[in-house]
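This is what each chain is made of:
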Amino acid sequence: MDWSAMFFQDAQGIVRTLIVGTLAYIVLVLFLRISGKRTLAKLNAFDLVVTVALGSTLSAILLQESIALAEGATALALLICAQYLVTYVSVRSSRFAEIVRSEPSLLAKDGKFCAAALTRERVTRDEALSVVRAQGGRDIADVQLLVLESDGSISVRLNPD
């Protein structure tokens, strides 16, 4: 096994990474500025997938010599255009919006867990309580509302003291 190849292959690869990486980063920033804040908003699961896919695509452009900058820029543009199209149609069609976005789920109300919702959303009581504690509560009795949001985060409204 050639151990040196694990740490350094050739200067051409490093130069390519520096040049293509810088240009790909600039392209991504420009595309994101053109597409607007909504592209990275992570308001729902679809938004999160697009954000992760953009990062993965940028990584592939940087590290895979078989991907030319123009191909990578096209892939980034495709993801951003798809995101724009989905959000554009979602705003205009409630039926389409229901298909691509999940609704928030009530996990607990007035100090009591909603067992069916926990099961349906695959959230354990311990996971829910961890979020409650992170927000300053001690246990479920301190909770007025506990909601699993569309983006996968959990919102907590504690009972007023």
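Here, the structure is the one placed above.
Reference entry: report on the structure contained in this document. In this text, all values refer to a predicted model and were calculated from it rather than measured experimentally. Within each chain, residues carry numbers counting from 1 in the order of the written sequence. Two thresholds apply to this predicted model, a pLDDT of at least 70 for residue-level local features and 80 or more for giving and counting side-chain atom pairs, whereas whole-chain, interface and lining totals are computed over all residues. Side-chain figures throughout are based on the complete set of non-hydrogen atoms in the structure, without hydrogens or water.

Observations concerning the overall build of the protein chain
- Every helix listed is a DSSP run of H or I at least four residues long, and every strand listed is a run of E at least two residues long, numbered separately from the N terminus. Summing up its helical and strand segments, the protein chain has seven helices and four strands in all.
- In the protein chain, the order of α-helices and β-strands from amino to carboxyl end is α-α-α-α-α-β-β-α-α-β-β.
- Over its C-alpha atoms the protein chain spans a radius of gyration of 22 Å, topping by over 25% the 15 Å that the globule rule assigns to 161 residues.
- For the protein chain, the C-alpha atoms occupy an extent of roughly 60 × 45 × 30 Å along the three principal directions.
- Exposure is judged per residue with a 1.4 Å probe applied to protein chains only, and the accessible area is read against the type maximum: over 50% gives exposed, under 20% gives buried, and values in between give partly exposed. Per-residue burial for the protein chain yields a buried fraction of 29% across its 161 residues.
- Residue exposure ignores everything except the shown protein chains as possible cover, and the areas themselves are Shrake-Rupley values with a 1.4 Å probe. Surface accessibility of the protein chain: about 10900 Å² in total, with carbon and sulfur atoms responsible for 61%.
- A residue counts as positive if it is Lys or Arg and as negative if it is Asp or Glu; His and the chain ends are not included. Lys charges are placed at NZ, Arg charges at CZ, Asp charges at CG and Glu charges at CD. In the protein chain, which carries 16 positive and 16 negative side-chain charges, the distance between the mean positions of the two groups comes to 8 Å. Atoms counted for the radius of gyration: C-alpha only. Globule rule: 2.2 Å times residue count to the power 0.38.

Some details on the packing of aromatic side chains
- Geometry of aromatic contacts follows a simple scheme: Phe, Tyr and Trp rings, the Trp one being its six-membered ring, pair when their centres are within 6.5 Å, and the pair is stacked under 30 degrees between planes, edge-to-face over 60, tilted otherwise. Taken as a whole and judged by the stated rule, the model has one aromatic pair.
- Relative to Tyr88, the ring of Tyr84 has its centre 6.1 Å away and its plane inclined at 25°; by these criteria the two rings are stacked. Taken as a pair, Tyr84 and Tyr88 lie in helix 4 (residues 69-92) at a separation of four residues, close to a single helical turn.
- Overall, the relative accessible area of 38% leaves Tyr88 in the partly exposed class.
- Criterion for a charge above a ring: Lys NZ or Arg CZ within 6 Å of the ring centre, and within 35 degrees of the ring normal. The positively charged end of Arg92 is found above the aromatic ring belonging to Tyr88, 3.6 Å away from the centroid.

Details of the packing of helix 3 (residues 45-63) against helix 4
- Angular values range over 0 to 180 degrees, each being the angle between N-to-C directions of two axes fitted as lines to C-alpha atoms, with helices fitted over their stretch in contact. Packing of helix 3 against helix 4 brings their axes to within 9 Å, and their N-to-C directions diverge by 175°. For the element pair helix 3 / helix 4, the angle class is roughly antiparallel. Across from Phe46, Asp47, Val50, Ala53, Leu54, Thr57, Leu58 and Ile61 in helix 3, the residues of helix 4 making contact are Gly72, Ala73, Ala75, Leu76, Leu79, Ile80, Gln83, Val86 and Thr87.
- By the convention adopted, Pro, Cys, Tyr, Trp, Phe, Met, Ile, Leu, Val and Ala count as nonpolar, Lys, Arg, Asp and Glu as charged, and the other residues, Gly among them, as polar. Split into classes, the residues belonging to the contact of helix 3 with helix 4 amount to twelve nonpolar, four polar and one charged. If an angle is under 35 degrees, it is roughly parallel; if it is over 145, roughly antiparallel; if it lies from 65 to 115, roughly perpendicular; otherwise it is oblique. Throughout, a contact is declared for two residues whenever any of their heavy atoms are within 4.5 Å.

A word on the nonpolar core
- Working definition of a nonpolar core: buried Ala, Val, Leu, Ile, Met, Phe, Trp, Tyr and Cys residues. They are joined through side-chain atoms within 4.5 Å. One finds Leu107, Ala108, Phe113, Val123, Ile140, Val143 and Leu146 to be the most contacted residues of the largest nonpolar core, which totals 13 residues.
- When residues of this core are traced back to their parent elements, those giving at least two are strand 1 (105-109), helix 6 (115-121), helix 7 (125-134) and strand 3 (143-148).
- Apart from residues lying up to four places away in sequence, Val143 is in contact with Ala108, Lys109, Asp110, Gly111, Val132, Arg157, Leu158 and Asn159.
- Core analysis: the next-biggest nonpolar cluster, separate from the first, contains twelve residues, Leu28, Leu32, Leu76 and Ile80 among them.

What about the side chain of Arg16?
- Within the secondary structure, Arg16 sits in helix 2 (residues 11-35).
- Salt bridge, as used here, is a side-chain nitrogen of Lys or Arg placed within 4 Å of a carboxyl oxygen of Asp or Glu. The buried charged residue Arg16 lacks any salt bridge partner; its closest oppositely charged side chain belongs to Glu65, at an N-O distance of 5.4 Å.
- With residues near it in sequence (within four places) discarded, Arg16 still touches Gly21, Ile61, Leu62, Gln64, Glu65 and Ile67.

A few points about the packing of helix 2 against helix 4
- The interhelical angle for the contact between helix 2 and helix 4, taken along N-to-C directions, is 25°, at an axis separation of 10 Å. In terms of orientation, helix 2 lies roughly parallel with respect to helix 4. The hand of the helix 2/helix 4 crossing is right-handed. Facing helix 2, whose interface residues are Val20, Leu23, Ala24, Val27, Leu28, Phe31, Leu32 and Ser35, helix 4 presents Leu69, Ala73, Leu76, Ala77 and Ile80. Each crossing gets its hand from how the near helix is turned against the far one by less than a right angle, where anticlockwise is left-handed and clockwise is right-handed.

What to know about unusual backbone geometry
- The residue Asp110 is not glycine, and still its phi comes out positive at about 50°.
- In this structure, Asp110 sits in the loop between strand 1 and strand 2 (112-113).

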